[in-house]
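Below are the chains, spelled out letter by letter.
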Amino acid sequence: MDLILWRHAQAVDPGPGMDDMARVLTREGERQAGRMADWLNQHLPQDVKVLVSPAVRTRQTVQDLRRHIQLAEDLAPRKGAQALIDAAGWPHADQTVVVVGHQPTLGMVLAHLVGGIPLAQAMPWRVHKAGLWWIRCEHLRHDRPGVVVRAVKSPELM
């Protein structure tokens, strides 16, 4: 199974009384999201499942991705790493899954899946805004599963 963890692009800072779920992308965030979507459009298989947090900024992040998207409440901020892992179907999904979500949840998932740290003890790895990690669960030796990092992308380097 391939799992792509994609953090939303740069969004406006929350103002007093602002609903966090209603935050929108900045102009720079729109550019970041577009660059990452262009790269993904060139590299994703056709049969891909795209799960997106219901927050406005995540939905805007995927607007240039030429794939069908599904809103997933389990990816909303503060839902937690295990909810994300379960929503993605890791490690048994039969297709590539793209998850568009938030920190620190994405970083917790990476610390757990790539770093092998139990969720209860994990410190979140840093994922840059609009950045993504593409990981794969595959059988490496003696039919034992292992996690392979396929790509780490950041919009400032594209």
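Report follows, based on the coordinates. The structure presented is a predicted model; accordingly, all values stated were derived computationally and were not measured.

So, on to the pairing of strand S4 (residues 96-101). Within S4, six of the six residues are buried, which leaves it mostly tucked inside the rest of the structure. Residues of S4 alternate between two faces, with Thr96, Val98 and Val100 on one and Val97, Val99 and Gly101 on the opposite face, all of them buried. Where strand S1 (residues 2-7) meets S4, five bridges bridge the pair, whose relative direction is parallel. Residue isoleucine 4 lies in a different strand from S4, and its bridge partner there is valine 98. One ladder, built from five bridges, connects strand S2 (residues 48-52) with S4; its direction is parallel.

Our focus in this paragraph is empty space enclosed by the protein. Taken as a whole and judged by the stated rule, the model has one cavity of 30 Å³ or more. Quantified by volume, the largest cavity comes out at close to 50 Å³. For the largest cavity, the full set of lining residues is Asp74, Leu75, Ala76, Lys79, Gly80, Leu84, Gly101, His102 and Thr105.

How each quantity is defined
- Residues numbered from 1 in each chain as written.
- Predicted model: local features only at pLDDT ≥ 70, side-chain atom pairs only at ≥ 80, totals over all residues.
- Heavy atoms only, no water.
- Buried < 20%, exposed > 50% of the residue type's maximum accessible area, 1.4 Å probe, protein only.
- Helix = DSSP H or I, 4+ residues; strand = E, 2+ residues; numbered from the N terminus.
- Pairing = 2+ DSSP bridges.
- 1 Å grid on protein atoms, 1.4 Å probe; cavity = no way out; pocket = protein on both sides within 12 Å on 5 of 7 lines; lining within 4 Å.
- Points joined across faces, edges and corners; volume = space filled by probe spheres on them.

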